[in-house]
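Observations on the model geometry
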Amino acid sequence: MMQEAFLVFITNISLYPTIVFTGLVMFVTLYWVVSLLGLADMDSVDLGDVGGDADVSNLSSTGFFTGLMLKFGLYGVPLIIILSLISLIGWLLSYLYTSFLHQNVDSGILYYVFGTGALVFVLVISMWLTGLIISPIRKNIAKIPKRNASSNIGKIAVVRTLSVTDKHGEAVLNDGGAGLILKIRSDMSDNQLKQGDKVVLVAYLDDANTYRVTPVEDK
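What you see is a predicted model, and the numbers here were worked out from it, not measured in a lab.

Along the protein, the regular secondary structure elements total six helices and five strands. Considering the protein as a whole, with its 219 residues, one finds that 33% of them fall into the buried category. Across the protein, contacts joining residues at least 24 apart in sequence account for 63% of those joining residues at least 6 apart. Accessible surface, the protein as shown: approximately 13,600 Å² in total, 65% of it carbon and sulfur.

Below, the discussion takes up the sheet that holds strand β3 (residues 180-185). Here we have five strands rolled up into a closed barrel, ordered β1-β2-β3-β5-β4, and mixed in their pairing. Taken over all neighbouring pairs, the strand axes of this sheet differ in orientation by 55° on average, direction set aside. Pairing of strand β2 (residues 170-173) with β3 involves four bridges; the strand directions are antiparallel. Residue pairing in the sheet places L173 in a bridge with L180 of β3.

Looking at chain direction, β3 and strand β5 (residues 210-215) are connected through two bridges and run parallel. The residue bridging R185 from the neighbouring strand is R212, located in β5. Strand direction decides the pairing type here: strand β4 (residues 198-205) and β5, joined by six bridges, are antiparallel. In the sheet register, L201 faces β5, and the bridge partner there is V213. Once β4 ends, the chain turns through four residues before running back antiparallel as β5, passing N209 with a positive phi of about 55°.

Core analysis: the largest hydrophobic core is formed by 13 residues, its most contacted members being A157, I184, V199, L201, Y211 and V213. Elements represented by at least two residues in this core include exactly β1 (156-159), β2, β3, β4 and β5. Beyond its immediate sequence surroundings of up to four residues, L201 is in contact with N152, I153, G154, K155, A157, L173, L182, I184, Y211, R212 and V213. Within the second largest apolar cluster, eight residues are counted, among which are I82, I86, M127 and I134.

On to the pattern of salt bridges. As enumerated under the stated definition, the model contains three salt bridges in all. Between E170 and R160 there is a salt bridge, with the nearest N and O atoms lying 2.3 Å from each other. Residue E170 is located in strand β2, and its partner R160 is located in the loop between β1 and β2; the two are separated by 10 residues in the primary sequence. Both residues of the pair, E170 and R160, belong to the buried class. A salt bridge links D187 to R212; the shortest N-O distance between them is 3.0 Å. With D187 in the loop between β3 and β4 and R212 in strand β5, the pair connects residues that are 25 residues apart, well separated along the chain. Classification of D187 as exposed rests on a relative accessible area of 57%.

On to the environment of G131. With respect to the helices and strands, the residue G131 is situated in helix α5 (residues 109-143). Judged by relative accessible area, which is 7%, G131 ranks as buried. Sequence-wise, G131 and L85 are 46 residues apart; in three dimensions their C-alpha atoms are separated by 9.4 Å. When near neighbours in sequence (up to four residues on either side) are disregarded, G131 contacts F72, G73 and L74.

A few words now on the confidence of the model for the protein. Looking at the protein, pLDDT values average 79 and 78% of them are 70 or higher. Considering only residues more than four positions removed or in separate chains, one finds that residues 44-62, a stretch of pLDDT under 50, has 26 contacts.

Cut-off values and rules
Residues numbered from 1 in each chain as written. Predicted model: local features only at pLDDT ≥ 70, side-chain atom pairs only at ≥ 80, totals over all residues. Heavy atoms only, no water. Helix = DSSP H or I, 4+ residues; strand = E, 2+ residues; numbered from the N terminus. Buried < 20%, exposed > 50% of the residue type's maximum accessible area, 1.4 Å probe, protein only. Contact = heavy atoms within 4.5 Å. Areas by Shrake-Rupley, 256 points an atom, 1.4 Å probe, with all protein chains shown as cover. Pairing = 2+ DSSP bridges. Axes fitted to C-alpha atoms, helices over the stretch in contact; angles between N-to-C directions. Core = buried A, V, L, I, M, F, W, Y, C linked by side-chain atoms within 4.5 Å. Salt bridge = Lys/Arg side-chain N within 4 Å of Asp/Glu carboxyl O. pLDDT = per-residue confidence, 0-100.

Now the structure itself:
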């Protein structure tokens, strides 16, 4: 009985359109694992200076993709969180569709027509629900003061990613508690900074919410 239920489950998550969201779930899961291991950092969605009064009715003014994300409220938190929520919600809804409705159309062009329609519908619903979920999170993040940012200048942190470049890197700053994970950047052309190295926070880049760092020189 358990084996049959498992086979049905595997079959359903492999059917179109659920397979699309199954792939997304696998991708974000892998990304979370890689991030936790310090192999990647989690950058926030960069949509420019967007406020609560942003005009999202004219998508062409900001670009279709950016405007679409604005319209659904998909900004202000790390992109991986947004993708994770969309993937999980979409996977659940598409799985329900595949289990109860799509089985009635098991072949032919109608299979893909109805499947594609369901894919678009589920994607829109998933983006809408994700926007609702992250709305309070985004508002709370916006209220967090950045007064401590400048006070961190001159402090020593430890690199947690495999490398640090001018576009990628994270470090852990000992704050007396669990530690702060900070986004850091370095202009070193030979890419000498690596995981475990100590760096000095020399400047805070407010627009990007990152710190410019230099390596700690051995005495």
